[in-house]
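Examination of the molecular architecture
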Amino acid sequence: MYSKVVKMKILNAIQLKEVDQLTIAAQHISSLELMERASFALTQAIERDLKDVSGYSFAVLCGSGNNGGDGLAVARMLQDKGAAVQVYLLKASRYSDDNLQNQKKVHPDFIKSFEAGQPPEISKDAIILDCLFGAGLSRPLDESYRALIESINNHPNYILSADLPSGLQADVINAADAIVVKATKIYTFHSPKLAMLLPQHQEWVDKYEVIDIGLDPQAIRQQHVDHYYVTEQWASAKLKARNRFAHKGSFGHALLIGGSYGKIGAVRLSATAAARSGCGLVTVYIPGCGYTPFQASVPEIMVLTDSNNNHIANYPAIKPYTAIGVGIGMGQEGPTGTAFVKLMRSLTSDTRLVLDADALNLLATRQDLMANLPPNTILTPHPKELKRLIGEWTDDMEKIEKVQNFTSLHQVIIIVKGANTMTVLPNGGLYFNSTGNAGMATGGSGDVLTGIITSLLAQGYAAEDAAILAVFLHGAAGDAARKEWGEESLIASDLITSLGKAFQHLRSSRIF
Ligand SMILES: NC(=O)C1=CN([C@@H]2O[C@H](COP(=O)(O)OP(=O)(O)OC[C@H]3O[C@@H](n4cnc5c(N)ncnc54)[C@H](O)[C@@H]3O)[C@@H](O)[C@H]2O)[C@@H](O)CC1
Ligand SMILES: [K+]
């Protein structure tokens, strides 16, 4: 049970091999038995996705290492379940021991050998199971594999990859012209590999599922990593219980500062999301023009207005509030910038703060203000805002490194928004989110996130938990909203409407 609640570490290929060996020793099993376990779990996942495998035919493409060994074992298991299976085994001068063992367990009539340069003819009706290369791929595939991988990618039926899409190296940036399988779905063992989570590799990674293969928790605990994957189990364990005797004062008071003429809606989205995320009270500070629409449409939220009608030119007293979110729809008018500088100077080290949108743009032009940020301030830039803060990057690894340098230098938390949103902590720890979908790439989605984070901060969540959990809930709300409206029709307000489902689901997966 322990392994369900701890953070999921993203292990690299070397660590996976080590944990593999330690698991074998700790559990008194052979490596062949571990392979059998992994293959059984993979077969079950495929069976669950396809409902019943007996009506399907599979072409299982196997390499010479343990990824190929998995393929051979899964082929046998699928056959036992009544599927029509043909194995295509890559010719090699040497096969791994467990691969050879599994070759012996499949009847030779069902194994055809082939050379990389001469891709096999595969029936269009078959589902391809890609077990050519996994985490052991030591360098990019060379040209001799191009025809093979292209023939797989042109296959009209489903393409399922075991552990990694063959050709993708697990822990490095893969060149844009790398030869990589484009799988319909990847079933990856233990944890997603770093390469699967980087935006640069999106062309090769669509759907994926993590398959638990029962690796030894103690062995995993020994591995030093700074990359984690946020699972539902972990997020649910972080969700605080709500005291039955609570009153509205128990859950904090969030203040959201932002809005400008034509962008009052952004603050409304943030504030409503904050109210829907559990905090007791929400107040907004907006320019005068927002007063009437705000009061008329969201009765739950208290409104303070600036003396200026169209944009913020002053800032409110921040003392009464347990957390503050600044920047949503705020604009960068001269007086707004001046007020922002004054606000930054009024902060104390215990102010719980989120900076978004124009607050980040203003901050980027005044990096001297970084020194005024309370420790663990949360910054939520989109890619352009991030560039203004940390400068350009050449690839995703450099981006990660620059963000880590920035967060540790300034002791802040940065949320890098996108698919698999990354939350980077002051100690360099990086958390990849596991929820969300492309429907959320819509105006106002970020404003909703800022509202959720500010709300969790206001309730007393530790800043790192507020950031990671808010990103998870935001994505989970997006997934719930997609079920109802689909990706195309999804708008930011739907995320707010769906937040209840996200919270309920997460709470229901808690043990207590
Ligand atoms: N915990 C684990 O690590 C487990 C791993 N298992 C499987 O084992 C896989 C790793 O197995 P291996 O380490 O044997 O590695 P792979 O099977 O991923 O690939 C290694 C084979 O590919 C060849 N190769 C490597 N790079 C190449 C290149 N650029 N061009 C051509 N050939 C190349 C090697 O010579 C070797 O024969 C995992 O991906 C997973 O599928 C599972 O069996 C069970 C548990
Ligand atoms: K593979």
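- Going by the annotation in an unreviewed UniProt entry, the name recorded for the protein chain is Bifunctional NAD(P)H-hydrate repair enzyme, with Sphingobacterium spiritivorum ATCC 33861 given as the source organism.

Examining the pattern of salt bridges
- Inspection of every chain in the model, using the stated rule, returns 17 salt bridges.
- Measuring nitrogen to oxygen at the nearest pair gives 3.9 Å for the salt bridge that ties Arg146 to Glu150. Of this pair, Arg146 and Glu150 both sit in helix H6 (residues 146-153), four residues apart, which is roughly one turn of that helix.
- Assessed through its relative accessible area of 28%, Arg146 is described here as partly exposed.
- Linked through salt bridges whose partners overlap, the residues forming this network are Arg48, Asp49, Lys185 and Glu209.

Structural notes on the site of ligand 1
- Around ligand 1, a shell composed of 25 residues is seen, among which Lys17, Ser64, Asp70, Gly134 and Asp163 lie nearest.
- At 2.8 Å from an oxygen atom of ligand 1 is found a main-chain nitrogen or oxygen belonging to Asn66.
- Take Asp163: an N or O atom from its side chain is 2.5 Å from an oxygen atom of ligand 1.
- Protein contacts shield 84% of the accessible area of ligand 1, which totals 870 Å² for the unbound molecule.

Remarks on the UniProt feature "binding site: AMP" (unreviewed entry) in the protein chain
- Here the UniProt feature "binding site: AMP" (unreviewed entry) sits at Lys417, Gly418, Ala419, Asn420, Thr421 and Gly446. In sequence the annotated residues extend across 30 residues, while in space they remain close, none of their C-alpha pairs exceeding 14.4 Å.
- Of note, Thr421 is situated in the loop between strand S16 (413-416) and strand S17 (422-424).
- When near neighbours in sequence (up to four residues on either side) are disregarded, Thr421 contacts Ile415, Val416, Tyr431, Phe432, Asn433 and Val471.
- A polar atom in the side chain of Thr421 sits 2.8 Å from the backbone oxygen of Gly418.

Thoughts on the side chain of His227
- Tracing the chain through its elements places His227 in strand S9 (residues 227-229).
- For His227, a relative accessible area of 16% translates into the label buried.
- For His227, the side chain forms a polar contact with the side chain of Asp226, separated by 3.5 Å.
- If we ignore the near neighbours within four places in the chain, the residues touching His227 are Met8, Lys9, Ile10, Leu194, Gln404, Leu430 and Phe432.

Here's the deal with the packing of aromatic side chains
- Under the criterion given, the structure shown has four aromatic pairs.
- Ring plane angle 80 degrees and centroid distance 5.5 Å describe the contact between Phe133 and Tyr145, whose orientation is recorded as edge-to-face. Highlighted residues: Phe133 in the loop between strand S5 (127-131) and H6 and Tyr145 in the loop between S5 and H6, separated in sequence by twelve residues.
- On the basis of relative accessible area, Phe133 is assigned to the buried category, the value being 16%.
- Both rings, one in Tyr228 and one in Tyr431, keep their centres 4.9 Å apart while their planes meet at 15 degrees; by these two values the pair is stacked.

Details of the packing of helix H10 (residues 264-275) against helix H18 (residues 492-508)
- In contact at an axis separation of 9 Å, H10 and H18 are set at 10 degrees when each is read in the N-to-C sense. Compared by their axis directions, H10 and H18 come out roughly parallel. Taking contact as the criterion, the partners of Leu269, Thr272 and Ala273 in H10 are, on H18, Ala492, Ser493, Ile496 and Leu499.

Digging into the sheet that holds strand S14 (residues 353-355)
- The eleven strands are arranged S1-S9-S18-S17-S16-S15-S14-S13-S10-S11-S12 in an open sheet whose pairing can be described as mixed. The two strands at the open ends of the sheet, each matched to only one other strand, are strand S1 (8-9) and strand S12 (302-305).
- Pairing analysis gives five bridges linking strand S10 (residues 253-258) to strand S13 (residues 323-328), with the strands arranged parallel. Residue Gly258 lies in a different strand from S13, and its bridge partner there is Ile328.
- Packing of helix H13 (residues 357-365) onto the sheet brings it into contact with S13, S14 and strand S15 (378-379), and relative to S13 it is tilted by some 80 degrees.
- Each of S10, S13, S14, S15 and S16 touches helix H16 (residues 445-458); the most contacted strand, S13, lies at about 165 degrees to it.

Quick look at the coordination of the potassium ion (ligand 2)
- Taken together, Asn67 (OD1), Asp130 (O), Phe133 (O), Ala162 (O), Leu164 (O) and Ser166 (OG) make up the full set of protein donors to the potassium ion (ligand 2), lying 2.6 to 3.1 Å away.
- Viewed at the metal, the six donor atoms of the potassium ion (ligand 2) are separated by angles of 66 to 174 degrees, and the geometry they form is irregular.
- In the primary sequence, the donor residues of the potassium ion (ligand 2) line up as N-x62-D-x2-F-x28-A-x1-L-x1-S.
- Here Leu164 falls in the buried class, since its relative accessible area comes to 0%.

Topic: the environment of Leu386
- Mapped onto the elements, Leu386 comes out in helix H14 (residues 383-390).
- Judged by relative accessible area, Leu386 falls into the buried class, the value being 1%.
- Each C-alpha atom of the pair Leu386 and Lys399 lies 9.5 Å from the other, and the pair is 13 residues apart in sequence.
- Apart from residues lying up to four places away in sequence, Leu386 is in contact with Pro381, Gly391, Trp393, Lys399, Val403, Ile414 and Val416.

Rules behind the numbers
Residues numbered from 1 in each chain as written. Chains lettered and ligands numbered in written order. Predicted model: local features only at pLDDT ≥ 70, side-chain atom pairs only at ≥ 80, totals over all residues. Heavy atoms only, no water. Salt bridge = Lys/Arg side-chain N within 4 Å of Asp/Glu carboxyl O. Helix = DSSP H or I, 4+ residues; strand = E, 2+ residues; numbered from the N terminus. Buried < 20%, exposed > 50% of the residue type's maximum accessible area, 1.4 Å probe, protein only. Near = heavy atom within 4 Å. Polar contact = N/O pair within 3.5 Å; in protein donor to acceptor, adjacent residues only side chain to side chain. Areas by Shrake-Rupley, 256 points an atom, 1.4 Å probe, with all protein chains shown as cover. UniProt positions renumbered as here; feature names shortened; annotations may be inferred. Contact = heavy atoms within 4.5 Å. Phe/Tyr/Trp six-rings, centres within 6.5 Å; stacked < 30°, edge-to-face > 60°. Axes fitted to C-alpha atoms, helices over the stretch in contact; angles between N-to-C directions. Parallel < 35°, antiparallel > 145°, perpendicular 65-115°, else oblique. Pairing = 2+ DSSP bridges. Donors = N, O, S within 2.8 Å, 3.2 Å for Na, K, Ca; no water. Tetrahedral: all angles 85-135°; square planar, octahedral: opposite > 155°, others 65-115°.

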